[in-house]
Amino acid sequence: MSGPSTAFKGYIKYRGYGHVAFLLHRLTGLGTLLFLLIHIIDTSFVYFWPEGYMHAIALYRSTPFMIGEIFLVFSVIYHGVNGLRIIYFDMFRPDLWERETGKRSVIWTLIISIVLWLPAALIMVRNILVHH
Amino acid sequence: MQVTLKIFRYNPEKDSAPHYETYTLEAEPTDRVLDLLEKVKSYHDGTLAFRRSCAHGVCGSDAMRINGVNRLACKVLVKDLGTTNITIEPLLGLKVVKDLIVDMEPFFENYRKVLPYFINDEPPPPDGRERLQTPEERERFDDTTKCILCGVCTTSCPTFWADGQYFGPAAIVNAHRFIFDSRDRGAQQRLEILAQDSGVFRCRTAFSCTEACPREIQITKAIAEVKRAILTGRLD
Ligand code: FES
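Residues numbered from 1 in each chain as written. Chains lettered and ligands numbered in written order. Predicted model: local features only at pLDDT ≥ 70, side-chain atom pairs only at ≥ 80, totals over all residues. Heavy atoms only, no water.

All names here are of chain B. A sheet is described by the order of its strands in space; here 5 strands give the open sequence S2-S1-S5-S3-S4, paired in mixed fashion. Every interior strand has two partners, whereas the edge strands, strand S2 (19-26) and strand S4 (69-72), have only one. Strand-to-strand twist across the sheet, computed as the mean angle between neighbouring axes with direction ignored, equals 35 degrees. One ladder, built from 4 bridges, connects strand S3 (residues 63-66) with S4; its direction is antiparallel. When the bridges of S4 are listed, methionine 64 appears paired with arginine 71. In the packing of helix H1 (residues 33-44) onto the sheet, contacts are made with strand S1 (2-9), S2, S3 and strand S5 (85-89), and the angle to S2 comes to roughly 95 degrees. (Pairing = 2+ DSSP bridges. Helix = DSSP H or I, 4+ residues; strand = E, 2+ residues; numbered from the N terminus. Axes fitted to C-alpha atoms, helices over the stretch in contact; angles between N-to-C directions. Contact = heavy atoms within 4.5 Å.)

As structure tokens, then:
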């Protein structure tokens, strides 16, 4: 029967190129949304609770958060690139939703995202190493 | 060669929860997964329940999840699976009646909602013969005529898993078949139905339907064409 638990089971157990792209799109979207929410809340602290704000800023400079930021950059890039692919296919070139082209486009999206992400990731890793 | 089948088992009348049963059997690389199920049922456990009819990929009754992907058991050869460990589970998103048999009624209910039949109240041509169309006009919807309503696409769709109200790929494919038929006059009516909340715009282009379709219908493309027809009001 359909419902949240079936969806969750499917997310985990189903296989396929498109399925992986769909899952990554969801995860990176939710990840980015989570970050935005936290960020909006902590920025609002400046007004309501200045010490809390300073505390949050200090927290962001800790290693786990900086590693998290590297993934955040990937999330934003992947979500953007994949989103553009979907918009382009769906609005302008439905014929590209063909079985083989569609599969290949999933791989290309991943490659382009990683290529765009790597330079940023390297700089960020270096920053972690220099600061700590 | 020896293969190990891990099969989802559930009898709602007896079992409190589903479980998996493992069977080891001899198989030829050219055996189909359906042959293995028949072997299990004949020689190992006669209580195993699954649907099948034509055994040639025509009737669409043996749709199931094989190693995590929706397939027709009669169209999958053991050698093409790339492993001797085969996990067989029922389609997702529909209620399990017993073992690999699911209740297809919600699927057909969605199908009926899109008016999947020819609509044209105009009088037939004066010669009393069929309504003609050009080969190009016929070609326009050729791909979506191939659907066998097996349910593989709809039950591979993450949107359908979450919400059975979503019409699903199969219903949209069958709407597409008539919307783009030059002889049909029901396109507007169908597009209005498909523009509703549970219609085409619930599609998240996960693309699993296209990858899974045993008739190789370009489903995501068909859905995109319907989306476009709704947005632009054009049927080209
Ligand atoms: S048994 Fe008819 S499609 Fe497989």
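Residues and elements named next belong to chain B. Taken as a whole, chain B is organised into domain 1 (2-102) and domain 2 (105-232). Counting residues at the interface gives 13 residues for domain 1 and 13 residues for domain 2. For the pair domain 1 and domain 2, the two sides together bury roughly 980 Å², of which 65% comes from carbon and sulfur. Summed over the three residues of domain 1 that lose the most area to domain 2, namely Asn70, Leu92 and Leu94, the buried surface amounts to 45% of that side. Our enumeration of links across domain 1 and domain 2 arrives at 0 salt bridges. Our count for the domain 1 to domain 2 interface comes out at 3 residue pairs in polar contact (both at pLDDT 80 or more). Take the side of domain 1 that touches domain 2: its biggest share by element is 3 residues, from S4. In terms of residue class, the side of domain 1 that touches domain 2 is built from 7 nonpolar, 4 polar and 2 charged. (Domains from an automatic or database assignment. Buried area = accessible area lost by both parts, 1.4 Å probe. Salt bridge = Lys/Arg side-chain N within 4 Å of Asp/Glu carboxyl O. Polar contact = N/O pair within 3.5 Å; in protein donor to acceptor, adjacent residues only side chain to side chain. Nonpolar A, V, L, I, M, F, W, Y, C, P; charged D, E, K, R; others polar.)

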